[in-house]
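A closer look at the structure
Next come the chains, spelled out residue by residue.
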Amino acid sequence: MARPPRFDTDQLLDAAVRQAAASGPAGVTMSAVAKDVGAPSGSVYHRFPGRSALLAEVWLRTVERFQEGYFTALASDADARRAGRAAARHVVSWSRAHPAEAALLLYGAEDFGRADWSEEHLHRADRGSRRVRAALASLAAALGAEGPRATECVALALIDLPLSLVRRHLRAGTPLPAHAEDLAEECTTALLSSLPGGTASPSTAPATG
């Protein structure tokens, strides 16, 4: 019977996340990952044919894990405003729970060598992006918001704004404050309320404290 591999794919990708969080995408190399887990370089090449595949997998696994919770938050409530607030909170709470992965997402796919990714990796990335756009468009429609300005407002409220809060602390090397989720939710509520017919009623105002 063949012996099970000592180092599995997730262990190697976890090491790649640590390297990216510490040194940026440039720090993610086959040898650095192997050294991190104490594996021979052959173990890394056995699972990833080259550095571009390693970079693609570490980026995509991180994004897909984040998106899994994000889509769950968006589907958590039939009320579009409450669902939007839950999604904004998820951005912050996920980043708090996964600081290394959140640091990795300060970069973009291009920083992780997207130009050299395989067709399969590109398809996965594009599929995830389409799902996000479709989810935001669906939420905007549920809010009765139409047009480019409304679309930008929803994206700003549910993605850009909470990410900016996370990014500022990650880049400064300071922990997210205890009130970060509440602050993201309050700002998201204010932006969504700026949409046509978007005045928040007392029953939909975010709970704080």
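Overview of the structure.

How each quantity is defined
Residues numbered from 1 in each chain as written. Predicted model: local features only at pLDDT ≥ 70, side-chain atom pairs only at ≥ 80, totals over all residues. Heavy atoms only, no water. Helix = DSSP H or I, 4+ residues; strand = E, 2+ residues; numbered from the N terminus. Buried < 20%, exposed > 50% of the residue type's maximum accessible area, 1.4 Å probe, protein only. Areas by Shrake-Rupley, 256 points an atom, 1.4 Å probe, with all protein chains shown as cover. Lys, Arg positive; Asp, Glu negative; His and termini not counted. Charge placed at Lys NZ, Arg CZ, Asp CG, Glu CD. Axes fitted to C-alpha atoms, helices over the stretch in contact; angles between N-to-C directions. Parallel < 35°, antiparallel > 145°, perpendicular 65-115°, else oblique. Left-handed = near helix turned anticlockwise from the far one by under 90°. Contact = heavy atoms within 4.5 Å. Nonpolar A, V, L, I, M, F, W, Y, C, P; charged D, E, K, R; others polar. Polar contact = N/O pair within 3.5 Å; in protein donor to acceptor, adjacent residues only side chain to side chain. 1 Å grid on protein atoms, 1.4 Å probe; cavity = no way out; pocket = protein on both sides within 12 Å on 5 of 7 lines; lining within 4 Å. Points joined across faces, edges and corners; volume = space filled by probe spheres on them. Expected span 1.5 Å × (residues − 1). Patch = residues over 30% accessible without salt bridge, like charges linked within 9 Å, V, L, I, M, F, W, Y side chains within 5 Å. Salt bridge = Lys/Arg side-chain N within 4 Å of Asp/Glu carboxyl O.

A separate point is the overall build of the chain. On a plain count of helices and strands, the chain comes out with nine helices and zero strands. For the chain, the succession of helices and strands along the chain, N to C, is α-α-α-α-α-α-α-α-α. Here the C-alpha coordinates of the chain stretch approximately 60 × 35 × 35 Å along the principal axes. Across the 209 residues that make up the chain, the buried fraction comes to 44%. Carbon and sulfur atoms make up 54% of the accessible area of the chain, which totals about 11000 Å². Of note, the chain has its 23 positive side-chain charges centred 3 Å away from the centre of its 23 negative side-chain charges.

As a further point, take the packing of helix H4 (residues 51-74) against helix H7 (residues 119-142). One can describe the packing of H4 onto H7 by two numbers: an axis separation of 10 Å at closest approach and a directional angle of 20°. Looking at the two axes, H4 sits roughly parallel to H7. For the pair H4 and H7, the crossing hand works out as left-handed. Together, Ala53, Ala56, Glu57, Leu60, Arg61, Glu64, Gln67, Tyr70, Phe71 and Leu74 of H4 and His121, Arg124, Ala125, Gly128, Arg131, Val132, Ala135, Leu136 and Leu139 of H7 make up the contact between the two elements. Class assignment of the residues belonging to the contact of H4 with H7 gives a composition of 11 nonpolar, three polar and five charged.

Within the secondary structure layout, Arg85 lies in helix H5 (residues 80-97). Separated by 3.3 Å, the side chains of Arg85 and Glu185 make a polar contact.

Taken as a whole, the largest pocket encloses approximately 800 Å³ of empty space. Surrounding the largest pocket, 34 residues form its lining, Val63, Gln67, Ser129, Val132 and Ile159 being those nearest its centre. Sorting the residues of the lining of the largest pocket by element identifies H4, H5, H7 and helix H8 (148-172) as the ones contributing at least two each. Tallied by class, residues from the lining of the largest pocket come to 21 nonpolar, five polar and eight charged.

With 15 residues, helix H1 (residues 9-23) ought to run about 21 Å at 1.5 Å a step, and its terminal C-alpha atoms sit 21 Å apart, in line with that. Residues of H1 that are buried include every one of Leu12, Leu13, Ala15, Ala16, Val17, Gln19 and Ala20, and no others. The N-terminus of H1 is capped by Asp8, whose side-chain oxygen sits 3.2 Å from the backbone nitrogen of Asp10. Directly beyond the C-terminal end of H1, a positive phi value near 80° is found at Gly24.

A grouping of Arg127, Arg130, Arg131 and Arg133 is seen on the molecular surface, where their side chains present a positively charged patch. Residue position: Arg130 is located in helix H7.

With that settled, consider the environment of Ala78. In this structure, Ala78 sits in the loop between H4 and H5. Residues Ala78 and Asp182, 104 residues apart in the sequence, show an inter-C-alpha distance of 21 Å.

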